[in-house]
Amino acid sequence: MRLDRFLAESGYGTRKEVKKLIKSGIVKVNGTTVRDASRRIKPESDIVTVDGDEVFHIDRFYIMLNKPAGYITSTKDRELTVMELICDVPRFENLFPVGRLDKDTTGLLLITNDGELAHRLTHPKWKVPKVYLATVEGKLSEKEIKKLQNGINLGDFITKPARVKVLTENRDDSQVEIEITEGKYHQVKRMFEKIGHPVKRLHRVSFGTLKLGNLPEGEYRFLTEEEVKKLKEAAGLR
Ligand code: URA
């Protein structure tokens, strides 16, 4: 593993920050100062110190939860939080949800202790796509669909172009697939509300390269190595 990645994963800051740290000459590998951030180390046997303190590598956990309604996306709250659903995971206390789903929203929620990845996945720069199935009141006209696709003025901001596909239409409501690359507060609900079709149910089916698939509601699983790799690549990390 590269030295800069090892330090970033161990909580010494972002890649950029740890590169500076290494350059400053306070990082040693087996007693020798190393100023090359790309230096390869073996986390299980090499001794890395920062300013004399030994660095202990933190294992990273990546969990996909199919969030049920009724849980708050937070680590602590007076109400039930999503963390209650995954409490038998080791080192549970360092885990946190990436981004937010409303209490009544269901579906894919990533939970991790990888701060660097979480930061990138929620940063607008990386335009991570999120796909939702929204059950909305009424039927959408072509004009309304175009509005959703082109951008809607929500007062404090104009939404970026979205992909929109009406999947089914019934007498009272429609099921619409919508993909957005932003993650503003109540964004999807506000977009539909604005065009006169309030959201009745909202369910997230994908987040970046991750797909919820047939994971049952309320259950979670660890991501595969391949899924973690793809997610990191999409966020500019390797
Ligand atoms: N948009 C919303 O309005 N709510 C969510 O939970 C997620 C996206």
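Residues numbered from 1 in each chain as written. Predicted model: local features only at pLDDT ≥ 70, side-chain atom pairs only at ≥ 80, totals over all residues. Heavy atoms only, no water.

(A) Up close: the overall build of the protein. Each helix and strand counted, the protein has six helices and 13 strands in total. Considering only C-alpha atoms, the protein reaches an extent of 70 × 35 × 30 Å along its principal axes. Sorting the 238 residues of the protein into buried and exposed places 44% on the buried side. When the accessible area of the protein is evaluated, it comes to approximately 13100 Å², of which 49% is carbon and sulfur surface. The protein carries 44 positive and 36 negative side-chain charges, and their two centres are separated by 6 Å. (Helix = DSSP H or I, 4+ residues; strand = E, 2+ residues; numbered from the N terminus. Buried < 20%, exposed > 50% of the residue type's maximum accessible area, 1.4 Å probe, protein only. Areas by Shrake-Rupley, 256 points an atom, 1.4 Å probe, with all protein chains shown as cover. Lys, Arg positive; Asp, Glu negative; His and termini not counted. Charge placed at Lys NZ, Arg CZ, Asp CG, Glu CD.)

(B) Summary view of the site of the ligand. In the region of the ligand, the neighbouring residues are Leu101, Asp102, Thr105, Tyr132, His186, Gln187, Val188, Lys189 and Leu202. Within the backbone of Gln187, one N or O atom sits 3.4 Å away from an oxygen atom of the ligand. Considering every element that reaches the shell around the ligand, the biggest residue donor is helix 5 (residues 187-194), with three residues. Residues belonging to the shell around the ligand are distributed by class as follows: four nonpolar, three polar and two charged. (Near = heavy atom within 4 Å. Polar contact = N/O pair within 3.5 Å; in protein donor to acceptor, adjacent residues only side chain to side chain. Nonpolar A, V, L, I, M, F, W, Y, C, P; charged D, E, K, R; others polar.)

(C) How the structure looks around unusual backbone geometry. Positive phi, normally seen in glycine, also occurs at Asp51, with a value near 55°. Phi angles above zero are rare outside glycine, and His186 is one such case at about 55°. Considering the arrangement of structural elements, one finds His186 in the loop between strand 10 (173-180) and helix 5. Among the residues examined, His186 registers a relative accessible area of 30% and is labelled partly exposed.

(D) Up close: the sheet that holds strand 3 (residues 48-50). Judged by pairing direction, the sheet is antiparallel, and its four strands sit side by side in the order 2-1-3-4 without closing on themselves. What marks the edges here is a single partner per strand, and that holds for strand 2 (32-33) and strand 4 (53-54). In this structure, strand 1 (residues 27-29) lies alongside strand 2, joined through two bridges in antiparallel fashion. Each residue of the ladder has a partner; that of Lys28, found in strand 2, is Thr33. (Pairing = 2+ DSSP bridges.)

(E) Geometry of the pairing of strand 8 (residues 130-137). When you tally the buried positions in strand 8, you get seven out of eight residues, the bulk of the element. Bridging between strand 8 and strand 10 involves eight bridges; their strand directions are antiparallel. In the strand pairing of strand 10, Val136 is matched with Ser174. As paired elements, strand 8 and strand 11 (residues 199-207) share seven bridges and run antiparallel to each other. Within strand 11, the position partnered with Val136 by the bridge is Val199.

(F) Representation of the nonpolar core. By size, the foremost hydrophobic cluster in this structure holds 32 residues, and its most contacted members are Ile86, Leu95, Ile111, Leu140, Leu148, Ile178 and Phe192. When contributions to this core are tallied by element, the ones reaching two or more residues are strand 5 (62-67), strand 7 (106-112), strand 8, helix 4 (142-150), strand 10 and helix 5. If we ignore the near neighbours within four places in the chain, the residues touching Ile111 are Phe61, Tyr62, Ile63, Leu65, Val82, Met83, Ile86, Leu95, Phe96 and Pro97. Counting residues in each nonpolar core, the second largest holds 18 residues, with Met64, Leu117, Ala118 and Leu121 among its members. (Core = buried A, V, L, I, M, F, W, Y, C linked by side-chain atoms within 4.5 Å. Contact = heavy atoms within 4.5 Å.)

(G) How the structure looks around the pattern of salt bridges. Enumeration over the complete set of coordinates arrives at 14 salt bridges. For Arg2, the salt bridge is made with Asp4, and the minimal N-O distance between the two is 2.8 Å. Judged by relative accessible area, Asp4 falls into the buried class, the value being 0%. Note that Arg190 is salt-bridged to Asp156, the shortest N-O span being 2.7 Å. In this pair, Arg190 sits in helix 5 while Asp156 sits in the loop between helix 4 and strand 9 (163-169), placing the two residues 34 residues apart along the sequence. The partly exposed category is assigned to Arg190, whose relative accessible area is 27%. (Salt bridge = Lys/Arg side-chain N within 4 Å of Asp/Glu carboxyl O.)

Read these as spatial facts, not as claims about activity.
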